[in-house]
Amino acid sequence: MTNEEFWALKIVALLHDPPGKALDLGGHEPRAFATIERIIGPRLFLQLFGEPAARLQRGQDFERLEQNSPNYQRLKRADAMASAMDRTAFPARVKIESRHYVPTACVVHPLSGKQRLLGSIPRQFCDAQGRYDQQAADDYQVARLRDAEQLAQGQPDLRRAYLRLWRGLPLTSPDVDAVLLPPDTRIVDHSLWQHLDATAAVLSALPRPALLVFSVGPVQSFIAEARRTQDLWMGSYLLSYLTWSGIRTLVEEVGPDTVLYPALRGQPLVDHWLHCTFCSPLWEDAPQADDLAVATFPNKFVALLSYCRATELATAAAAAVRQAWIEIADKVKQSFPGGPQAGDWETIWRRQVEAKDWPEIYWSVLPWPDTDQYAERSDEAEAAITLDETYLGSPPSFRKTLNVYKQAWRKGINSGTLYGRLHALAEAGFTARKGLRDFLHAPLLQGQTRQLGEDGEKCTVSGVRSALRPDGARHRDGVRRYWQGVAQRLRNTEGRYHEVKPDGSERLSAIVAIKRFAQRDYFEDAIGLQGGFPSTTQVTAAPFKAAVLQKLTDAALAAALCKHLEGLKAVRFPTLSEQAARLSLPHLTRRYERLPSGLSDLGWEFLRFDADVLYPSTFTREGLEREYRLTVSEAQAAGLAESCRKLIRAARDAGIDPPVTYYAVLLMDGDRMGAWLAGEGLPRFQDVFHPDAPSLFQQLPDYTSSWKPIIESSRPLSAALHNSISLALSNFALECVRQVVEDCYVGRVVYAGGDDLLALLPAEYVLAAARDLRALYSGQAGVEVGADGWRVNPDFSGDHTGFLQVGDQVLLTMGPTATASVGIVIAHHQAPLDGVLAAAREAEKAAKEVYRRNAICVYALKRSGEALRVGGRWHYRGRDLVAQVEQIRSLFSQGLVSSKFAYEVYDRTRAFSRRVYDPIGNRWQSAGPPWGAWAAMIHRLVKRHWQGDRDLQKAEANRITKLLAFLTVGLSRHRYHWEQQWWQHHDREPDPLDEDYAPQPGPVELGKWLLLARFLETGGEE
Amino acid sequence: MSWVFIEPTDVWLFRDGKPFDAGSDHRARTLFPPNPTTVQGAIRSKILAASGVSLTAFAQRNPSCRAVAEQIGWPGDPPPFRLRGPFVARCTRDPSGTIRQVTPYFPLPADVVRGTKDRQYRILAPLKEGHFRANWPQDGLLPLWARSTEVLTEVTGWLDQGTLLAYLNRASPSEQDVVRDEHLFARESRFGVGIDSRVKRPQEGLLYQIELARPRENIGLLVEIDDSHLSSRVKLPGDGLMSMGGESRGSRFTVLSGYNLPANPWPPPGADGKRLKLYFLTPAWFSGGWTATDWGNWLVRRNLRVVAAAIRRAQPIGGVRVDTESQKGNFQKTMHRYIPAGSVFYFEAGEPVMYNGEPVTDSVDEGRIGFGQVLIGTWDYA
């Protein structure tokens, strides 16, 4: 097959069902083929199918084509396999015609099974009496096919035409509901686009498809090696970019449809590639710089390829990842402020950067049964289940289910029906490969008995690699002097003052240096990635900065700010680069852009300074010398400290709280993703049918014997389901996360891809942000889109479908049956970042393991060394935990109760953590507190510490007691469940070590939430 | 041969390679258990101190110290005696405080995995009829496999010696058998402030954090010393105090009587010995990175081939020179990558394979101080 034919067939696959197929199931095929002929040209069409499209008008014409044209046979085979992969094919005897579907058009959420009516479909395609309007449906399909022609028009080759259709066609629909239309009017849990992608992927993989699983790493250690937020950001970004580099190889060679996971449509790096790689503008909408700023690719991808090319493509993808890494490294090396140098420097650089085992790449390929070997499609399926039984030892139930399918409708069965099992097998093969983490040493040089290792002074960030150093500087002092020189050279470059500490205390290896400098030295030119990442101090003080910008019209505040900035300029206090000032915290930039013109310059100058300048403790003579290499007198330092205090006082007078010293790291992870991806917990078939379909099945003569067990069983795992999960995660990462973190809550996203999220936020907003993110993850929220961005209204008790309406967009989310857990660390802005990240991972783990998923766990790391761990479920009986904690917090913020209240409640909690003897189980177990006494105690303490209006004291004490008692009941459940599980696995009482990893009794957890609420309210100050 | 049990009197700090001086970094992390180099250094220092020679003279390789040096080695040279370990262990004492029993714990083998749903542990085995292609680092390697519809995940933990021996004879551990880190040791953080030595007051901006290992009660380290060639003058006394690791933290040692690591009979009853697996009790360095260039150095049989391997992420091991002279200069040792303890290699030959009992590492000197300690077991195809 020629390259031209290859891409032409991909176009055929992508258009074989036209957009809006469900609107007119009868006449779609001739229309689609006529368009295909116009796009690929009559010569090629004739070459592929042996007759012109004009002769393909009726069903029998296509039957003839199926007999005579190998390429059409191939398309039909791909279509059948994709249908089996997506939805398990059902017999044509059960049919819902367009005229029946359109008036009640709906889709079903693939994970929750909840139905969403497509209200605009009957409005557009039914007449005033609600009857199906075929002409309107035909017009719609014709219009979309015309759009397809326009998209493909003028492209110099068919690959470009294909890529443009793949990206652009779903966007041509003027109506959001039409984008969701299914390919099959009976099973309505996936969209036509998913089916078309699958068909195109299978078509290029035939006759023997194979699943490739590919990963780039290391992930955790690479990201954790971070001293600064810039290192953290670039660590995530590099991994995301390198993974995309591998994916790009497949996309260029065999098309983006072949990548089953992650979803590629709309990924900023993909759009950037589409926009830039081709000479002519392939894709008009270049992603914005801030869209590109978030790492969105997970480090693993899955693709459906032709087995005969799979190894070649996997090897090429691995080479592309390495090539991308070397390209980035070379750019950093060329611009390196202290080199490149020969000798030791060069040796270290090459050893670390050009190591053959770096980055770590693992891949495995699972071939499917060869379709050419089987005359009967059902034999293919037989071969696939034999593979499954041979390698995974699947129980007979899988074969039994397949036999039921076979018996019911043999024609619809092929190896695609076993997609779920083949995927499980491919994953198992990949896990087996990853079980051997091979590594290499540098080649042994002549006369050496041992390879050159990481010698001399080590990198201050990684600790395991040599720091870059010139010849002869093996001792710490020499290396330190070299890095002082590097910092000095950076200080002389506009906007790079902050990149390396001036005192030589940062001594970096090549790998960490690449992380530190890659954004400016490589990504800025390569993809237009601009701006630095805000420091932890910037994030900590962001609410203060935002409030000052908002109230800058206050003359006294503006004067105090102006004075402080004058002082800073007088001592040449370093400023951020223009890009970093503009882009590092988008919320602040928006505030700045709204300033009246007279205050614009002042606001801009304010943005140019890092938030260090908002803390009087920054301004000591020694500190300024050590951190900024500024030589100032004691008087100057004292003057700056005083102007800083005056600014804070002026802000306070304007109603702005002083800048706090604690910020938060938020780590979010989808729960049970492995189970979802393995197809566990899916709705039953009949739950994902169109509402009319079950009754049609019931009319089949073999309903009870054949179909009943199938439609009442769980829907099996499908490629469409994988795509839906990937799409839902992608929607969450690309559409929701930045809106919440960066626009609503003044934070910054580090990574949002797959089911993971890492973000930095001001401590005071982190609980609300976490709750909003969790609600959006499962679509359990309303979203109001205003001029100021989103307003998210979480609602864990409402009846949500999993399709999230955002303005005129509908986003597929993971749906209300999916959950996510969040770990949060609240830490001092000067706490070592690697320790904070390690604690965040522990908190996330505790949310999943201690609080049993769908939970939040917060570690508050006080600067004194004391740590507070507290957690709970997002909601108890639909009542939002965070909202309740915010209510408690407001008691402190409004001064209604004294701050001692939290401590007093906590001090008494142990006394209320009862254990009772269970004579049947012969063991002690936790019991709820004696509720009357517990409530009375809270009531008494509220009254004692009440500082508000005396008239309200009694009523408020009642209300607060109710609130806290309800929360205690919910929190007590964790301990109860934990003990139940404990006794299932152990025959001894938990000891104190076990207790360290257990939820505490409800009253204790409640006491800790009160302490946390108080801690947040006081900004961490005691 | 003597087995020594070492337990902390406070907490231990076994630093990774990350520089930790005032201003460079604010956080030092500990490893646990320490690597053999650390423990041999501590033991040699203790023996040296107990021998009564001048430490300064010894550091300067003064000929007057030759007699001691011949037995424990000059500074920077490997010791002439052999060590095995360290192994994490729990001791049981009688009411008088005398150690009655010691139970060592070994890292969970890398070929043991757990089902995410049923939480059952399974031992992987090479899959003969591989249907997959993968970027294996060497031709002929087979995937390690368990036939299960469960999603299998890597797990960490520790096994006591009985469970480990059962594993080597193909019995999977149960959830109750696997001991979690936190039952053996905890990590705890301490905060400090850098002191300006000139004015004896805290230096601004030099707050630091040290993560320390606190072994649980009765948990310590077990080390074997082949002291048969040591004169009584330079032997460890029956018990006493010694310092170990970063900040020379205090430790108490006890020389045990009548203890030995159980041996695993080879070939095990009913097995033909043609399939052998090596389980690494301690890390090992190989010139080929993850694999030795010539396994024939330890395993004797023609046509021996590596069938499969389970190796977690490489462990970088370096360390620092702690003597005063070295501290003035380039005191950081070269860091190399080792296969971690818990790694497993599968071998097959046409006739019974024999293991010669030597430490399995390409560095003979390191083998003498405890690296490359292995136990052997048998296996069959999945």
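Nothing here was measured: the structure is a model prediction, and the numbers come from that model.

### Some points on the overall build of chain B
Next, step 1: Regarding its fold elements, chain B presents seven helices and 24 strands.
Next, step 2: Over its C-alpha trace chain B gives a radius of gyration of 22 Å, about what one expects of a compact globule, namely 21 Å for 382 residues.
Next, step 3: Here the C-alpha coordinates of chain B stretch approximately 70 × 50 × 50 Å along the principal axes.
Next, step 4: For chain B, with 382 residues in total, the buried portion stands at 56%.
Next, step 5: Contacts spanning at least 24 positions in sequence make up 72% of the contacts within chain B whose residues lie at least 6 apart.
Next, step 6: Entry remark: accessible area of chain B is about 16400 Å², with carbon and sulfur atoms responsible for 47%.
Next, step 7: If the 46 positive side-chain charges of chain B are averaged to one point and the 40 negative ones to another, these points end up 1 Å apart.

### Digging into the overall build of chain A
Next, step 1: A tally of regular secondary structure across chain A gives 43 helices and 20 strands.
Next, step 2: The dimensions of chain A, computed from C-alpha atoms along their principal axes, are 95 × 75 × 65 Å.
Next, step 3: Out of the 1022 residues belonging to chain A, those deemed buried represent 63%.
Next, step 4: The long-range fraction of contacts in chain A, counting pairs at least 24 apart against all pairs at least 6 apart in sequence, stands at 74%.

### Points about helix H9 (residues 158–168) of chain A
Residue and element names in this part refer to chain A.
Next, step 1: Of all 11 residues in H9, 10 are buried, a share of seventy percent or more.
Next, step 2: Three or more residues of H9 are buried, namely Leu-158, Arg-160, Ala-161, Tyr-162, Leu-163, Arg-164, Leu-165, Trp-166, Arg-167 and Gly-168.
Next, step 3: Between the side-chain oxygen at the start of H9 and the backbone nitrogen of Arg-159 there is a gap of 3.1 Å, and the oxygen is on Asp-157.

### Overview of the packing of helix H38 (residues 881–893) of chain A against helix H43 (residues 1002–1017) of chain A
Residues and elements named next belong to chain A.
Next, step 1: Contact geometry of H38 with H43 gives a least axis separation of 9 Å together with a crossing angle of 55°. Comparing the axis directions of H38 and H43 gives the class oblique. The two elements H38 and H43 cross, and the hand of that crossing is right-handed. Facing Leu-881, Val-885, Ile-888, Arg-889, Phe-892 and Ser-893 of H38, the residues of H43 in contact are Trp-1009, Leu-1010, Ala-1013, Arg-1014, Leu-1016 and Glu-1017.
Next, step 2: Residue composition of the contact of H38 with H43, by class: eight nonpolar, one polar and three charged.

### Observations regarding H38(A)
All names here are of chain A.
Next, step 1: Between its first and last C-alpha, H38 extends 18 Å over 13 residues, near the 18 Å set by a 1.5 Å rise per residue.
Next, step 2: Considered for burial, the residues of H38 that qualify are Leu-881, Val-882, Gln-884, Val-885, Ile-888, Arg-889, Leu-891 and Phe-892. Here the buried residues of H38 occupy an arc of 165° about the axis, which is enough to place them on one side.
Next, step 3: Backbone nitrogen of Val-882 and a side-chain oxygen of the N-cap are separated by 2.9 Å at the start of H38; the cap is Asp-880.

### Comments concerning the confidence of the model for chain B
Next, step 1: Residues of chain B with pLDDT of at least 70 account for 93%, and the chain-wide mean is 87.
Next, step 2: Scoring of the predicted complex yields 0.93 for pTM and 0.93 for ipTM.

### Some points on the sheet that holds strand E3 (residues 209–217) of chain A
Next, step 1: Spatially, the five strands line up as an open sheet ordered E4(A)-E5(A)-E3(A)-E6(A)-E8(B), and their pairing is antiparallel. Each edge of the open sheet is held by one strand with a lone partner, namely strand E4 (259–261) of chain A together with strand E8 (133–134) of chain B.
Next, step 2: Note that E4(A) and strand E5 (residues 300–306) of chain A share two bridges and pair antiparallel. Counted as the bridge partner of Val259(A) is Ala303(A) from E5(A).
Next, step 3: The strands touched by helix H20 (residues 419–434) of chain A are E3, E4, E5 and strand E6 (360–367) of chain A together with E8 of chain B; relative to E6(A), the strand with the most contacts, the crossing angle is about 145°.

### What about the pairing of E6(A)?
Next, step 1: Burial analysis of E6(A) places eight of its eight residues in the buried class, the great majority of the element.
Next, step 2: Residues of E6(A) alternate between two faces, with Glu360(A), Tyr362(A), Ser364(A) and Leu366(A) on one and Ile361(A), Trp363(A), Val365(A) and Pro367(A) on the opposite face, all of them buried.
Next, step 3: As paired elements, E3(A) and E6(A) share eight bridges and run antiparallel to each other. By the bridge assignment, Leu211(A) is partnered in E6(A) with Leu366(A).
Next, step 4: Note: E6(A) against E8(B), two bridges, orientation antiparallel. Its bridge partner lying in E8(B), Val365(A) is registered against Arg133(B).

### Quick word on the pairing of strand E15 (residues 239–244) of chain B
Residues and elements named next belong to chain B.
Next, step 1: Only one face of E15 is covered, namely the one carrying Gly-240, Met-242 and Met-244; the face carrying Asp-239, Leu-241 and Ser-243 has none of its residues buried.
Next, step 2: With six bridges connecting them, E15 and strand E16 (residues 249–256) associate as antiparallel partners. Directly across from Gly-240, in E16, lies its bridge partner Phe-253.

### So, the interface of chain A and chain B
Next, step 1: On the chain B side, the residues contacting the 79 residues of chain A number 68 residues.
Next, step 2: Buried surface at the junction of chain A and chain B, both sides included, amounts to about 6200 Å², of which 51% is carbon and sulfur.
Next, step 3: On the chain A side of the interface with chain B, the three residues burying the most area are Tyr391(A), Phe439(A) and Arg450(A), jointly 13% of the side's total.
Next, step 4: Where chain A touches chain B, the interface holds five salt bridges.
Next, step 5: The closest approach of N and O atoms between Asp834(A) and Arg29(B), which form a salt bridge, is 3.9 Å.
Next, step 6: The interface formed by chain A and chain B contains 24 residue pairs in polar contact (both at pLDDT 80 or more).
Next, step 7: Counting only elements with at least two residues in the side of chain A that touches chain B, the list comes to helix H16 (307–334), E6, helix H18 (377–392), H20, helix H21 (476–491), helix H29 (621–628), helix H37 (833–849) and helix H42 (992–996) of chain A.
Next, step 8: Partitioning the side of chain A that touches chain B into residue classes produces 27 nonpolar, 25 polar and 27 charged.

### Quick word on the pattern of salt bridges
Residue and element names in this part refer to chain A.
Next, step 1: Applying the stated rule across the entire model yields 97 salt bridges over all chains.
Next, step 2: Here Arg-309 ties to Glu-312 by a salt bridge, and the two come within 2.9 Å at their closest N and O atoms. Within this pair, Arg-309 and its partner Glu-312 are both found in helix H16, separated by three residues, close to a single helical turn.
Next, step 3: Relative accessible area serves as the criterion here: at 43%, Glu-312 is assigned to the partly exposed category.
Next, step 4: We note a salt bridge from Lys-569 to Glu-566, for which the minimum N-O separation is 3.6 Å. Linking Lys-569 with Glu-566, this pair stays in helix H25 (residues 555–570), spanning three residues, or about one helical turn.
Next, step 5: With a relative accessible area of 36%, Lys-569 lands in the partly exposed category.
Next, step 6: Connected through shared salt-bridge partners, Glu-51, Arg-55, Arg-58, Asp-61 and Arg-64 make up one network.

### Focus on the environment of Arg186(A)
Residue and element names in this part refer to chain A.
Next, step 1: Along the chain, Arg-186 falls in the loop between helix H10 (176–179) and helix H11 (192–205).
Next, step 2: Of the residues examined, Arg-186 reaches a relative accessible area of 11% and is grouped as buried.
Next, step 3: Between the C-alpha atom of Arg-186 and that of Val-107, which follows or precedes it by 79 residues, the distance is 9.9 Å.
Next, step 4: A distance of 2.9 Å separates a polar atom in the side chain of Arg-186 from the backbone oxygen of Val-94.

### Observations regarding the packing of aromatic side chains
Next, step 1: Throughout the structure, instances matching the rule amount to 65 aromatic pairs over all chains.
Next, step 2: Centre to centre, the rings of Tyr662(A) and Phe1015(A) are 5.1 Å apart; their planes meet at 70°, and the pair counts as edge-to-face. Of this pair, Tyr662(A) sits in strand E7 (residues 662–670) while Phe1015(A) is found in helix H43, placing the two residues 353 residues apart along the sequence.
Next, step 3: Each member of the aromatic cluster is reached from another via a ring pair, and the members are Phe280(B), Phe286(B), Trp290(B), Trp295(B), Trp298(B), Phe345(B) and Phe347(B).
Next, step 4: Directly above the ring of Phe966(A) sits Arg879(A), whose terminal nitrogen or CZ lies 3.8 Å from the centroid.

### Concerning the nonpolar core
Residue and element names in this part refer to chain A.
Next, step 1: Counting residues in each nonpolar core, the largest one holds 303 residues, and the members touching the most others are Phe-523, Leu-767, Ile-824 and Ile-826.
Next, step 2: Per element, the largest residue contribution to this core is 13 residues, and it comes from helix H13 (residues 229–254).
Next, step 3: With near-sequence residues (within four places) excluded, Ile-824 lies in contact with Ala-664, Val-665, Leu-666, Val-766, Leu-767, Ala-770, Ala-843, Ile-856, Cys-857, Val-858 and Tyr-859.
Next, step 4: One finds Leu-568, Ala-580, Tyr-628 and Ala-654 within the second-largest nonpolar core, a separate group that totals 50 residues.

### A few points about the side chain of Asp370(A)
Residues and elements named next belong to chain A.
Next, step 1: By secondary structure assignment, the location of Asp-370 is in the loop between E6 and H18.
Next, step 2: No salt bridge forms around the buried Asp-370; measuring N to O, its nearest opposite-charge neighbour Arg-208 is 5.2 Å away.
Next, step 3: A polar contact of 3.0 Å, which involves the side chain of Asp-370, links it to the backbone nitrogen of Asp-372.
Next, step 4: Setting aside its immediate chain neighbours within four residues, Asp-370 contacts Pro-207 and Arg-208.

### Overview of unusual backbone geometry
Next, step 1: Here the residue pair Gly217(A) and Pro218(A) is connected by a cis peptide bond, since its omega of 0° sits within 30 degrees of zero.
Next, step 2: Turning to its location among the elements, Pro218(A) is positioned in the loop between E3 and helix H12 (220–224).
Next, step 3: Cis geometry is adopted by the peptide bond preceding Pro262(A), which originates at Tyr261(A) and carries an omega value of 0°.
Next, step 4: Residue position: Pro262(A) is located in the loop between E4 and helix H14 (268–276).
Next, step 5: Of note in the backbone geometry, Arg852(A) takes a positive phi value of approximately 60° without being a glycine.
Next, step 6: Structurally, the position occupied by Arg852(A) is in the loop between H37 and strand E15 (855–861).
Next, step 7: On the basis of relative accessibility, which here comes to 31%, the residue Arg852(A) falls in the partly exposed class.
Next, step 8: Of note in the backbone geometry, Arg61(B) takes a positive phi value of approximately 55° without being a glycine.
Next, step 9: Mapped onto the secondary structure, Arg61(B) falls in the loop between helix H2 (55–59) and helix H3 (66–72).

About the cut-offs
Residues numbered from 1 in each chain as written. Chains lettered and ligands numbered in written order. Predicted model: local features only at pLDDT ≥ 70, side-chain atom pairs only at ≥ 80, totals over all residues. Heavy atoms only, no water. Helix = DSSP H or I, 4+ residues; strand = E, 2+ residues; numbered from the N terminus. Rg over C-alpha atoms; globule rule 2.2 N^0.38 Å. Buried < 20%, exposed > 50% of the residue type's maximum accessible area, 1.4 Å probe, protein only. Contact = heavy atoms within 4.5 Å. Areas by Shrake-Rupley, 256 points an atom, 1.4 Å probe, with all protein chains shown as cover. Lys, Arg positive; Asp, Glu negative; His and termini not counted. Charge placed at Lys NZ, Arg CZ, Asp CG, Glu CD. Polar contact = N/O pair within 3.5 Å; in protein donor to acceptor, adjacent residues only side chain to side chain. Axes fitted to C-alpha atoms, helices over the stretch in contact; angles between N-to-C directions. Parallel < 35°, antiparallel > 145°, perpendicular 65-115°, else oblique. Left-handed = near helix turned anticlockwise from the far one by under 90°. Nonpolar A, V, L, I, M, F, W, Y, C, P; charged D, E, K, R; others polar. Expected span 1.5 Å × (residues − 1). Arc of directions from axis to C-beta. pLDDT = per-residue confidence, 0-100. Pairing = 2+ DSSP bridges. Buried area = accessible area lost by both parts, 1.4 Å probe. Salt bridge = Lys/Arg side-chain N within 4 Å of Asp/Glu carboxyl O. Phe/Tyr/Trp six-rings, centres within 6.5 Å; stacked < 30°, edge-to-face > 60°. Lys NZ or Arg CZ within 6 Å of the ring centre and 35° of its normal. Core = buried A, V, L, I, M, F, W, Y, C linked by side-chain atoms within 4.5 Å.

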